[in-house]
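Results of the structural survey
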Amino acid sequence: MTSRTERLKKLVEVQEQLKAFHEMRRATALAEAAAAGREATEIAARFDAPDSLTDLFPDLYARGVERALRRQDRKLASARIEAGHVATQTARTNMVERSWRAATRADERQAEDRATLEAVERGLISRK
C-alpha cells in the first residue's frame, strides 16, 4: 500500500486538474456569452441599415436579438456557477495541499528520528 504522503500528493494533482477543468469551463462560458452579446448587437444594428429587411420581417429580427440575449444570460449564469466550482476546488486543493505538506514534514521528522536513533544505537554497540 502506498504511503499517506503519496496518496495525498496524488489527490493534490487530481484537485488541481479539477480546478483547471472548471476554470476552462468558466472561460468557455464567458467567451460564448460575449459572442452572443456581439450577435445581438449585430442583429440590432441591422435594424437601421438601409438594405435591411426589417420592414418585411420585424419579428424575425426581434426574435434573433431575443434569442441571442437569452443565450448570453444562460452563459453568464453558467459562468457564475463555474466560478463557484473554481472557488470550491481551490479551497479543497489548498486543504489537501496543507495536509500533504504536514504529512511530508511528519515523514521527514520520523526519518530523522530513526536516523538519530540508529546513530545512538551504533554508538552504544561500538562502546561495548
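Bear in mind the structure is a predicted one, so any value in this text is a computation, not a measurement. Numbering of residues starts from 1 in every chain and runs along the sequence as written. Local features in a predicted model are, by the rule used here, given only for residues with pLDDT of at least 70; side-chain atom pairs are given and counted only at 80 or more, and totals for whole chains, interfaces and linings are based on all residues. Note that the side-chain values use all heavy atoms of the structure and ignore hydrogens as well as water.

Within the element layout of this structure, Ala 20 appears in helix H1 (residues 4-47). As a C-alpha pair, Ala 20 and Asp 73 span 53 residues in sequence and 23 Å in three-dimensional space. Each helix is a run of DSSP H or I of at least 4 residues and each strand a run of E of at least 2, with the numbering of both proceeding from the N terminus.

At 3.6 residues per turn, the α-helix brings residues three or four places apart onto the same side. Taking 1.5 Å as the rise per residue, H1 with 44 residues should run 64 Å; its terminal C-alpha atoms sit 65 Å apart, in good agreement. Thr 5, Leu 8, Val 12, Gln 15, His 22, Ala 29, Ala 33, Ala 36, Gly 37, Ala 40 and Ile 43 are the residues of H1 that are buried. In a helix, the anticipated span is given by 1.5 Å times the number of residues less one. Throughout this description, buried means an accessible area under 20% of the type-specific maximum (1.4 Å probe, protein chains only), exposed means over 50%, and partly exposed covers the range between.

Next up on the list: the side chain of His 22. Within the secondary structure layout, His 22 lies in helix H1. His 22 gets classed as buried once you look at its relative accessible area, which sits at 12%. By the convention used here, residues are in contact when the closest approach between their heavy atoms is within 4.5 Å. Setting aside residues up to four positions removed in sequence, His 22 forms contacts with Glu 82, His 85, Val 86 and Gln 89.

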